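Below are the chains, spelled out letter by letter.
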Amino acid sequence: MGEILNFANVELYYDHVYALKGVSLTVSEGETVALIGANGAGKSSILRAITGLRKIRSGEIHYEGKRIDGLDPSAIVKAGIAMVPEGRRVFPYMTVRDNLLMGAFTRSDKAEIAGSLEMVLGRFPRLKERFSQAAGTMSGGEQQMLVIGRALMAKPKLLLLDEPSLGVAPKLVQDIARSIVAINRDERVSVLLVEQNSRMALRISQRAYALTTGAIALSGNSADLLKDDRVQRLYLGGEL
Amino acid sequence: MEQVIVNGFYLGAQYALIALGLTLIFALMNVLNFAHGQMYVLGGFISYTIYGKLGLPFVVALISSGVTLAIVGALFERFLFRTVIKRSLREESTMLLAAATAFFLDAVILLLFGEKQRGVPKIVKGVYNDGNLIMPYDRMVVGILAIAFIAGFILYMKYSRPGRAMRALAQDRVAAQLMGVEVDRYTMIGFALGAMLAGIVGGLLVAITGINSGIGGPISIKAFLMVMIGGAGVVGGAIAGGFILGMLESVGLTVLREFGDVTYLVIFAALMVFLSIRPNGLMGKPWG
């Protein structure tokens, strides 16, 4: 399995405050990797650096062997990286259909786009029911399905998910976790998952990195981390 | 009464087209284009020169107004607004810049075209008159063209690729970037399109009311009024605001005639009350 993403010694600052101080991580093809850690530890900053939404101060980011740091977000999306941003961020006054088609903005083959649309609607039947509804009028869980579906419309090779369980009803968290596993398996998409629900993240990923204040504190196989004392204490709140 | 409504409708179509350009730029960039009225005036003078002075067909004049203003808009965005937005930390910077572009265009227009009121030969002769409704044919043509442009703009925003990109940008800038929308490119297209609409209305109305270099400011104020009535950044709001202001003006000029020139005084006073009740206008939401 080759490396799809190599994130090496990255430093990122917001004005004069650091968010990442020398973070390195990798994602292999077909893998699901989780990033866990407290609020403000820098998890989301890693995703923003990968997509080019934030410029990094130093370090290098390679995707499929090519350097991508410094590129415009649109070029990075085109290369095959899609991101589900935190807080859902649907286009509220567009219909579900138009939201999904926006996901395929960088693609031009109409037949292939139609195929992806079918795949997404098959995966999230609720979106089919709401197809012509304005996205802003849907429930939080439905909106979360929509933004995941929208990201899949780009036909990504690497999918970045920022807090997909945040603000979603507990019952739906299970559904979302299941669909992430299914997407990773069926669509052969590598996944980099940022989650404050550490237990869920560790259960559905193969490897994980734990962050504290802009640096990686621990990393390893998710199954091992789930049993690790320090992870138990710091990220899982003690109880099993 | 029918006459007043028809006049209001005719005026409203022009106003709506002006407001659409202004609201598009606001929705995309959060910039209030103070130079919108001046862009209208420039469009008017270009049509005056090509149709009135050179005697070329009116259609050619109208296209020239639109294209010239689209280029002016694109250049303004690329070299002025983009640089300032990228580098400034405060929102007032773009406000000052917008005001400066308005003064700049005022000066350029005065220099190139002088201070005289200019008119052009009628584009269509004759008047429709059935006893209780009087409407010159040229006004009808201009009114229908304005409505066609509004319809064209709505279809473009809804179904074209750039239209969808601009709507996405207006609704959620970050999410649009994550879809691969090139922000710089579509912001420039949006500014050019907004400026083009202003130029087209100027070109249309030179055929009816003529043009002079002093009306840029007042037109901008009217455009702000419409956008405030309808709700900033919303297509439906701009159209509603345009038609409402057109209708108010038409009714006011008839009903309040005996009190002198007070229509706009009444409109401004009413707007203050209205905005204190509904500060976001009729449809205060980011984009529809």
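For the structure, check the block above.
Residues numbered from 1 in each chain as written. Chains lettered and ligands numbered in written order. Predicted model: local features only at pLDDT ≥ 70, side-chain atom pairs only at ≥ 80, totals over all residues.

Undergrad: Would you take a moment to explain the overall build of chain A for this structure?
TA: A tally of helices and strands in chain A yields ten helices and ten strands. Along the three orthogonal principal directions, the C-alpha set of chain A runs to about 45 × 40 × 35 Å. Within chain A, contacts between residues separated by at least 24 positions form 67% of all contacts whose residues are at least 6 apart in sequence. (Helix = DSSP H or I, 4+ residues; strand = E, 2+ residues; numbered from the N terminus. Contact = placed C-beta atoms within 7 Å.)

Undergrad: Got a minute to help me understand the interface of chain B and chain A in this structure?
TA: A common way to express how large an interface is: the accessible area buried when the components associate. Across the boundary between the two partners, chain B contributes 16 residues, which contact 19 residues of chain A. Ranked by residue count, the leading element in the side of chain B that touches chain A is helix α6 (residues 161–171) of chain B, at five residues. A class-by-class count of the residues in the side of chain B that touches chain A yields eight nonpolar, four polar and four charged. (Nonpolar A, V, L, I, M, F, W, Y, C, P; charged D, E, K, R; others polar.)

Undergrad: What should I look at first to understand the sheet that holds strand β5 (residues 66–67) of chain A in this one?
TA: The strands making up a sheet are joined through hydrogen bonds of the backbone, oriented either antiparallel or parallel. All names here are of chain A. Judged by pairing direction, the sheet is antiparallel, and its four strands sit side by side in the order β2-β1-β4-β5 without closing on themselves. Sheet topology places β2 (17–28) and β5 at the edges, where each strand pairs with a single neighbour. Where strand β4 (residues 58–63) and β5 come together, two bridges link them in antiparallel fashion. Residue pairing in the sheet places Tyr 63 in a bridge with Lys 66 of β5. Where helix α1 (residues 43–51) meets the sheet, it contacts β1 (3–14), β2 and β4, and its direction lies at approximately 110 degrees from that of β1. (Pairing = 2+ DSSP bridges. Axes fitted to C-alpha atoms, helices over the stretch in contact; angles between N-to-C directions.)

Undergrad: Where do I start with the nonpolar core in this structure?
TA: Counting 170 residues, the largest nonpolar core has Leu160(A), Leu193(A), Ala16(B), Leu17(B), Ile18(B), Ala19(B) and Leu20(B) as the members making the most contacts within it. Here this core takes 16 residues from helix α1 (residues 2–29) of chain B, the largest share from any one element. Filtering out sequence-adjacent residues up to four positions away, Leu160(A) remains in contact with Leu47(A), Ile50(A), Thr51(A), Ile81(A), Met83(A), Val84(A) and Leu192(A). (Core = buried A, V, L, I, M, F, W, Y, C linked by C-beta atoms within 7 Å. Buried ≥ 20, exposed ≤ 12 C-beta atoms within 10 Å, placed from the backbone.)

Undergrad: I would appreciate a short explanation of the pairing of strand β10 (residues 215–221) of chain A in the present structure.
TA: Within a regular strand, the side chains alternate between the two sheet faces. Residues and elements named next belong to chain A. Two elements, strand β9 (residues 207–212) and β10, share six bridges in a ladder whose sense is antiparallel. Directly across from Tyr 209, in β10, lies its bridge partner Ser 219. The turn joining β9 and β10, which pair antiparallel and follow one another in sequence, is formed by two residues; a positive phi near 35 degrees is taken by Thr 213.

Undergrad: Before we go on, may I ask you to explain the environment of Pro136(B) in this structure?
TA: Residue and element names in this part refer to chain B. Here Pro 136 lies in strand β2 (residues 134–136). Judged by C-beta crowding, with 16 C-beta atoms within 10 Å, Pro 136 ranks as partly exposed. Placed 92 residues apart in sequence, Pro 136 and Gly 44 show a C-alpha to C-alpha distance of 20 Å.

Undergrad: Help me understand α1(A) in this model?
TA: Since the α-helix turns once every 3.6 residues, residues separated by three or four places project in the same direction. In terms of burial, α1(A) is largely enclosed, as nine of its nine residues are buried. Once α1(A) finishes, Gly52(A) follows within two positions and takes phi at roughly 85 degrees, a positive value.

Note that every value here comes from positions in space, so none of it alone points to a role or purpose.
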